[in-house]
Amino acid sequence: MVFIKALEEKILKEGKVLPGNVLKVDGFLNHRIDVGFIMEMGKEISEIYKNEPVNKILTIESSGIAIAFAAATYMNVPVVFAKKNKSSNISDNLYSSPVTSFTHKNTYDAVVSKDFLGKDDRVIIVDDFLARGNALNGLIDIVNQAGAELLGCAIAIEKGFQNGGDALREQGVRVESLALIESMTEDSLTFRR
Ligand code: 5GP
């Protein structure tokens, strides 16, 4: 609770809302990394999933990696990050799922080597933002292709008004967001509690 309050305050103080419903938090997460703060974020995620038998964290490059690394430090598990592959040259040894980027409006393939994810894995997926849910759906698809078990997702900032999180919850996926934005405009931002 203390960390969540601190995250909300940091978003209010440092976040900038850009046209197209994009929240910029480059000062601590997407460009400069506030290492102490992101470690606290990782600790919070490890607390949320402490009763689950997680043995791997899956994320996607690039901004998910720092958060996943921080959580993994406390959970003592490895991190695998999906790469964003722009060529259609997919090898046999990769799981792959198409994702339409919310911020860049292009489509890429999220790819993960079959060497690093398999049926013995019990996974949480970690990412920085959740908007329409395209990135998470791609990662969930990859977990399913691998025959691994999905225990849940942990997101730093969910934009609740873009509905990706609720759609996944309705499908029975556990989605835990540290900050959940209810509404945002250039001069006001509210959280769902
Ligand atoms: P979704 O796939 O859920 O529509 O969007 C999530 C992905 O898009 C995240 O991996 C994140 O990189 C990016 N994203 C979506 N919304 C925002 C935003 O408001 N700010 C930033 N910085 N990234 C976002």
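Refer to the structure above for everything that follows.
First, a word on scope: everything that follows refers to the structure included in this document.

Parameters at a glance
- Residues numbered from 1 in each chain as written.
- Predicted model: local features only at pLDDT ≥ 70, side-chain atom pairs only at ≥ 80, totals over all residues.
- Heavy atoms only, no water.
- Pairing = 2+ DSSP bridges.
- Helix = DSSP H or I, 4+ residues; strand = E, 2+ residues; numbered from the N terminus.
- Axes fitted to C-alpha atoms, helices over the stretch in contact; angles between N-to-C directions.
- Contact = heavy atoms within 4.5 Å.
- Buried < 20%, exposed > 50% of the residue type's maximum accessible area, 1.4 Å probe, protein only.
- Polar contact = N/O pair within 3.5 Å; in protein donor to acceptor, adjacent residues only side chain to side chain.

1. Here's the deal with the sheet that holds strand β8 (residues 149-159)
Inference 1: Sheet architecture is open: eight strands sit in the order β5-β6-β4-β3-β7-β8-β9-β10, paired in mixed fashion. Two strands close off the open sheet at either side, each with one partner strand: β5 (94-100) and β10 (188-191). Within the sheet, the average angular offset between the axes of one strand and its neighbour, ignoring direction, is 25°.
Inference 2: Sheet strands in contact with helix α3 (residues 35-48) are β7 (122-130), β8 and β9 (175-185), and its direction is about 125° off that of β9.
Inference 3: Relative to strand β3 (residues 56-60), helix α4 (residues 63-75) is tilted by about 170°, and along the sheet it contacts β3, β4 (79-85), β7 and β8.

2. Quick look at the side chain of K56
Inference 1: Mapped onto the fold, K56 is located in strand β3.
Inference 2: For K56, a relative accessible area of 12% gives the class buried.
Inference 3: Of note is the side chain of K56, whose polar atom sits 2.8 Å from the backbone oxygen of F116.
Inference 4: If we ignore the near neighbours within four places in the chain, the residues touching K56 are V77, P78, V80, F116, L117, D121, R122, V123 and I124.

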